[in-house]
Amino acid sequence: MGIRPSDFEDAAVAGRGQGTMAVTAGVTEELGSEINVIFTIDAPHVEHASIAEATEASDDEDEATAALVGGKSLWTARVSKESRVKHGRPLELAVDTRYLQFFDPARGLSIGHPKATTALAEQLA
């Protein structure tokens, strides 16, 4: 599953009616018109083989990233400049679930993508 950073908002400034998730702000980047909040979630990082090949990261970079994240997934939220989010503090994020992206774990393609649909049909045949 994937969520774009722009599909998050600080629940304190978001409208009602969206699902929320509690996180701890690891890093905050104040960019004037918005704030990027980098946080981890307690789920292993998922990377499809095609993405790993495309990045061609060295073993040293992989080890540094794993140590930084500590076996958790690193995510980014883009929230309003009105947010009072602070580094290391709890934050309740509103999630716009209309734009969740789902992926086929075997192929790495977006579910609904024509190639993913064809591959699934071939597996079921």
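Residues numbered from 1 in each chain as written. Predicted model: local features only at pLDDT ≥ 70, side-chain atom pairs only at ≥ 80, totals over all residues. Heavy atoms only, no water.

Enquirer: Hey, could you run me through the sheet that holds strand β5 (residues 73-80) in this one?
Expert: Within a sheet, neighbouring strands are paired by backbone hydrogen bonds and run either parallel or antiparallel to one another. Sheet architecture is open: 3 strands sit in the order β3-β4-β5, paired in antiparallel fashion. The two strands at the open ends of the sheet, each matched to only one other strand, are β3 (27-30) and β5. Averaged over all pairs of adjacent strands, the angle between strand axes in this sheet comes to 20°, irrespective of strand direction. Where β3 and strand β4 (residues 34-41) come together, 4 bridges link them in antiparallel fashion. Bridge pairing in β4 links Glu-29 to Asn-36. (Pairing = 2+ DSSP bridges. Helix = DSSP H or I, 4+ residues; strand = E, 2+ residues; numbered from the N terminus. Axes fitted to C-alpha atoms, helices over the stretch in contact; angles between N-to-C directions.)

Enquirer: Please clarify how the packing of aromatic side chains should be interpreted in this entry.
Expert: One pass over the structure, following the stated rule, counts 3 aromatic pairs. Judged by centre distance (6.3 Å) and plane angle (50°), the rings of Phe-39 and Trp-75 are tilted. Highlighted residues: Phe-39 in strand β4 and Trp-75 in strand β5, separated in sequence by 36 residues. Through pairs of rings, three or more aromatic residues link up here, namely Phe-8, Phe-39 and Trp-75. (Phe/Tyr/Trp six-rings, centres within 6.5 Å; stacked < 30°, edge-to-face > 60°.)

Enquirer: Could you clarify how one ought to interpret the sheet that holds strand β2 (residues 19-24) in this entry?
Expert: The sheet built from 3 strands is open, its strands ordered β1-β6-β2 with antiparallel pairing. Strand pairing shows two members of the sheet lacking a second neighbour, β1 (8-10) and β2, which therefore form its edges. When strand polarity is set aside, the average angle formed by the axes of neighbouring strands in this sheet is 40°. Bridge analysis of β2 against strand β6 (residues 90-95) gives 6 bridges, and the strand direction is antiparallel. Its bridge partner lying in β6, Thr-24 is registered against Pro-90.

Enquirer: Help me understand the side chain of Asp-96, please; the structure alone is not making it clear to me.
Expert: With respect to the helices, strands and loops of the structure, Asp-96 is situated in the loop between β6 and α3 (114-124). In this structure, Asp-96 is in contact with Asp-7 and Gln-18, ignoring residues within four places of it in sequence. (Contact = heavy atoms within 4.5 Å.)

Enquirer: Just to check I follow, could you spell out the nonpolar core for this structure?
Expert: Note that soluble globular proteins tend to have their nonpolar side chains buried in a common cluster. Membership of the largest hydrophobic core comes to 15 residues, with the highest contact counts inside it found for Phe-8, Val-37, Phe-39, Ala-77, Val-79, Val-85 and Leu-93. Among the secondary structure elements, those contributing two or more residues to this core are β4, β5 and β6. The element contributing the most residues to this core is β4, with 4 residues. Those residues in contact with Val-85 that lie beyond four places of it in its chain are Ala-25, Thr-28, Ile-35, Val-37, Val-79 and Leu-91. (Core = buried A, V, L, I, M, F, W, Y, C linked by side-chain atoms within 4.5 Å. Buried < 20%, exposed > 50% of the residue type's maximum accessible area, 1.4 Å probe, protein only.)

Enquirer: Any chance you could explain the confidence of the model for the protein chain here in plain terms?
Expert: Detailed reading of the predicted model is not advised wherever pLDDT is low. Of all residues in the protein chain, 68% have pLDDT values of 70 or greater, and the mean over the chain is 79. Mean pLDDT in the protein chain bottoms out at helix α2 (residues 59-69), which sits at 49, and peaks at β1, which reaches 96. In the predicted structure, residues 63-68 sits below a pLDDT of 50 and forms 1 contact with residues beyond four places in sequence or in another chain. (pLDDT = per-residue confidence, 0-100.)

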